[in-house]
Amino acid sequence: MKRKLIAITCLAAGMAIFQSCKKDFLNESDPNAITVDESYKTPNDVLLAVNGIYQSLRSSNNIGESSDLWTDQRSDDTGTNDNQSNAGEPFQFNNFSILPSNTYLKSHWVSLYTTITRANTVLSHIDQVTFTDNNQKLQYTAEAKFLRALIYFHLVRTWGDVPLVTKPLSATELTDATFREKQEVVYQQIVADLKEVINNSPLPNLQAPTGRTSKAAANFLLGQVYLTMATTIDPANRQANLNSAKTYLTNAYNMRTFGALSSIPYTDVFDVSKKTTCPELIFQIVNIQGDLTYSSPLAANNQAKGETINSKKVTSGVGYNVTRDLINEYETGDPRMAFSVKFANDATVKDWFVTKFRDNSDKATTNGYGGNDWILMRYADVILSLAEVNSYLGDNAAAISYLDQVRVRAGMPAYAVSLTNADYAARYPTLKLAILHERRVELAFEHHRWYDLIRTFNTNELVTYFKTKKQTDFGLAQLSNFNAKDRYYPIPFDEYKLNPDKMYQNPGY
């Protein structure tokens, strides 16, 4: 992005010099070129632009199914167990040896800001379009603000202070705005966007699973934002933020269309044939089974050599590596383990791989064109978030009741019964750790684990947490590399070097 900016600046300077010659041919313009302003004429133009914001989430560098590199592989759940050849840069993530020059990290940064740019463009041009139905305009505005808030929430948790841009910028403005804004200010913008979505939009409480946002999604996201603020950046307002988190999480919970979570089988949540009917789903990135462009390769990519459980596609790889540390986390008899992971016993591949996302149907073909939607939000996450916030507020009874909803649905003993098990009580001596455990096994491979860890532990506690784990459970990744700097990613080098003062580097890099 900055290289393009330099080119634009140089071009503008050159044009200023040449214009002094007053040659008419220098003033000519491309008659076929369409400006951004001219692209916004009708409500359908706005709809297409909003669809473009959603579409950007699908990128392998954004927050979709392939975003495990900067989430799960950064945690203790998965990893790239190979530090050779083209796997060198990906290996840096779970090896805690990431460099500011890492090109995968830069691609992630650029993709997230691409989504924000698209949202800002919609929001800055929507007023020039005439709508016969004002609710339609309010809906598109809400969707753009929700998606902008969602991406800024990912950015601020990943890098800390980040550039905050809320409108399209000219080349000169972009140069002046190239600086990091304090986390607190970024969170203020996120909260403001989501409150407007919740309070001033005609969005339905729940969308049919078509990949568009809803009031439930916005309330859930805002509840997560307040919970994260309470536990990571704002000790002075911790109580108020926790109360706000409870309010919005409860709002999302009360919008559900089912009774007890146990009425929805765990396997239904990931069943491709039920992805449009499962009431647990809140917000997802939709894929089209059998389609070359919009299908999901997740099931096939996760599958290990010699296996057929995920997909009809034959694979020669190791699938998606799972750490022994996660395997050891599952309690004896937890059916979620049997559904989520499997041990590959091929002659050349003997390791655990992910089986949670499957499409072994004929419609997915032997090319592995699966129909798995990528679930960004579901009700088990809402329920466990309510357990977490109530525990922090000191209402253990409420926290346990929410925790038990998830355990009972999974076929596991209630929390009080589990505490009579010496092994469980020793591993999870506090309610906070029991909730963290439940989130890990319930939401495994859904890209929440790293954010759960940084919300549960402060930086020093997080270092201690990792240092107490066994190196033998992590393959080639070196736990000894983990230290305080790993709380945040480094600012990509290309961004930092253009303005070392305003784009200051995170400590330790």
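Rules used in this analysis
- Residues numbered from 1 in each chain as written.
- Predicted model: local features only at pLDDT ≥ 70, side-chain atom pairs only at ≥ 80, totals over all residues.
- Heavy atoms only, no water.
- Helix = DSSP H or I, 4+ residues; strand = E, 2+ residues; numbered from the N terminus.
- Rg over C-alpha atoms; globule rule 2.2 N^0.38 Å.
- Buried < 20%, exposed > 50% of the residue type's maximum accessible area, 1.4 Å probe, protein only.
- Contact = heavy atoms within 4.5 Å.
- Areas by Shrake-Rupley, 256 points an atom, 1.4 Å probe, with all protein chains shown as cover.
- Lys, Arg positive; Asp, Glu negative; His and termini not counted.
- Charge placed at Lys NZ, Arg CZ, Asp CG, Glu CD.
- Core = buried A, V, L, I, M, F, W, Y, C linked by side-chain atoms within 4.5 Å.
- Pairing = 2+ DSSP bridges.
- Salt bridge = Lys/Arg side-chain N within 4 Å of Asp/Glu carboxyl O.
- Arc of directions from axis to C-beta.
- Polar contact = N/O pair within 3.5 Å; in protein donor to acceptor, adjacent residues only side chain to side chain.
- pLDDT = per-residue confidence, 0-100.
- Axes fitted to C-alpha atoms, helices over the stretch in contact; angles between N-to-C directions.
- Parallel < 35°, antiparallel > 145°, perpendicular 65-115°, else oblique.
- Left-handed = near helix turned anticlockwise from the far one by under 90°.
- Phe/Tyr/Trp six-rings, centres within 6.5 Å; stacked < 30°, edge-to-face > 60°.
- Lys NZ or Arg CZ within 6 Å of the ring centre and 35° of its normal.

S.K.: Is there a simple way to think about the overall build of the protein chain in this case?
M.R.: Tallying secondary structure elements over the protein chain gives 20 helices and 4 strands in all. Taken over C-alpha atoms, the radius of gyration comes to 24 Å for the protein chain, in line with the 23 Å a tight globule of 509 residues would show. Principal axes of the C-alpha set define a box for the protein chain whose edges measure 85 × 55 × 50 Å. Considering the protein chain as a whole, with its 509 residues, one finds that 53% of them fall into the buried category. Looking at the protein chain alone, contacts between residues at least 24 apart form 69% of all its contacts between residues at least 6 apart. Total accessible area on the protein chain stands at roughly 21700 Å², and carbon and sulfur atoms take up 53% of it. In the protein chain, 51 positive and 53 negative side-chain charges are present, and the distance between their average locations comes to 1 Å.

S.K.: Help me understand the nonpolar core, please; the structure alone is not making it clear to me.
M.R.: Soluble globular proteins: nonpolar side chains tend toward being buried together. Core analysis: the biggest nonpolar cluster contains 117 residues, and F146, I190, F283 and M377 have the highest contact counts within it. Every residue in contact with I190, bar those within four places of it in the chain, is listed here: A149, Y152, F153, V156 and V225. Ranked by size, the runner-up nonpolar core spans 14 residues in total, among them L436, Y465, F466 and F482.

S.K.: Whenever I open this one, unusual backbone geometry confuses me. Can you help?
M.R.: Both trends apply: most residues other than glycine have a negative phi, and most peptide bonds are in trans. Phi is positive for F96, close to 55 degrees, though the residue is something other than glycine. Within the secondary structure, F96 is located in the loop between α3 (88-94) and α4 (103-125).

S.K.: Hey, could you run me through the pairing of strand β1 (residues 281-285) in this one?
M.R.: Every regular strand shows the same layout, with side chains that alternate between the two sheet faces. Among the 5 residues of β1, 5 are classified as buried, and the element is accordingly described as predominantly covered. Two strands pair when backbone bridges link them, and β1 and strand β4 (residues 374-378) are joined in this way by 4 bridges, in the antiparallel orientation. Across the sheet, residue Q284 finds its bridge partner in β4, namely I375.

S.K.: What's the story with the environment of L326 in this structure? I'm lost.
M.R.: Within the fold, L326 resides in helix α11 (residues 324-327). Along the backbone, L326 and M337 are 11 residues apart, and their C-alpha atoms lie at a distance of 9.9 Å. The contacts of L326, once residues within four sequence positions are left out, are D76, D77, R440, A444 and F445.

S.K.: What is the right way to look at the pattern of salt bridges in this model?
M.R.: Oppositely charged side chains can form a pair if their charged atoms are brought close together. One pass over the structure, following the stated rule, counts 38 salt bridges. Here K469 and D325 are joined by a salt bridge, their closest N and O atoms 2.8 Å apart. Taken together, the residues K469 in the loop between α19 (459-467) and α20 (493-498) and D325 in helix α11 connect sequence positions 144 residues apart. For the salt bridge of E446 with R378, the shortest nitrogen-to-oxygen distance reads 2.8 Å. Highlighted residues: E446 in the loop between α17 (431-442) and α18 (449-456) and R378 in strand β4, separated in sequence by 68 residues. For the pair E446 and R378, one class covers both residues: buried. Here the salt bridges do not stand alone but share partners, grouping E280, E331, D334, R336, K356, R378, R407, R409, E438, E442 and E446 into one network.

S.K.: I tried to follow α19 on my own but got confused; where do I start?
M.R.: In an α-helix there are 3.6 residues to a turn, and that puts residues three or four apart on one side. Among the residues of α19, those classed as buried are L462, V463, Y465 and F466. Along α19, the residues classed as buried sweep out an arc of 160 degrees about the axis, all on the same side. The inward-facing, buried residues of α19 abut α17 and α18. At the N-terminal boundary of α19, the capping side chain belongs to N458, with an oxygen 3.2 Å from the backbone nitrogen of N460.

S.K.: Explain the confidence of the model for the protein chain here, please?
M.R.: For residues with low pLDDT, the predicted coordinates do not support detailed interpretation. Confidence along the protein chain averages 92 in pLDDT terms, with 91% of residues attaining 70 or more. Throughout residues 1-27 the model reports pLDDT below 50, and contacts reaching past four residues in sequence, or to other chains, amount to 13 contacts.

S.K.: Help me understand the side chain of D486, please; the structure alone is not making it clear to me.
M.R.: The residue D486 is located in the loop between α19 and α20 in this model. On the basis of relative accessibility, which here comes to 0%, the residue D486 falls in the buried class. A polar contact is formed between the side chain of D486 and the backbone nitrogen of N483, at a distance of 2.9 Å. Looking at D486, its side chain comes within polar contact range of the side chain of K485, at 3.0 Å. Setting aside chain neighbours within four positions, we find D486 in contact with R74, F96, W450, N481 and Y509.

S.K.: Sorry if this is basic, but what is going on with the packing of helix α2 (residues 43-56) against helix α5 (residues 134-159) here?
M.R.: For any two helices packed against each other, the geometry is given by the interaxial angle and the distance between the axes. Put simply, α2 and α5 touch, their axes get as near as 10 Å, and they point 20 degrees apart. The angle between α2 and α5 places the two elements in the roughly parallel class. The handedness of the crossing between α2 and α5 comes out as left-handed. Touching P43, V46, L47, V50, I53 and Y54 of α2 are Q136, Y140, E143, A144 and L147, all from α5.

S.K.: Looking at this model, I keep getting lost on the packing of aromatic side chains. Mind explaining?
M.R.: Any two aromatic rings considered together are summarised by their centre-to-centre distance and by the angle between their planes. In this structure the tally under the stated criterion is 27 aromatic pairs. Considering the side-chain rings of W70 and F93, the 5.9 Å spacing of their centres and the 65 degrees angle between planes classify their relative orientation as edge-to-face. Within this pair, whereas W70 is found in the loop between α2 and α3, its partner F93 is found in helix α3, the two being separated by 23 residues in sequence. Of the two residues examined, W70 and F93, each falls in the buried class. An angle of 70 degrees between the planes, with centres 5.5 Å apart, marks the rings of F343 and W352 as edge-to-face. Exposure remark for F343: the relative accessible area of 30% places this residue in the partly exposed category. Classification of W352 by relative accessible area gives buried; the value is 16%. Every member of this aromatic cluster is reached through a ring pair, and the members are W70, F93, W109, Y113, Y152, W159 and Y489. Positioned above the aromatic ring of Y451, the side-chain terminus of R157 is 3.6 Å from the ring centre. The aromatic ring of F258 is capped on one face by R256, whose charged end is 5.9 Å from the ring centroid.

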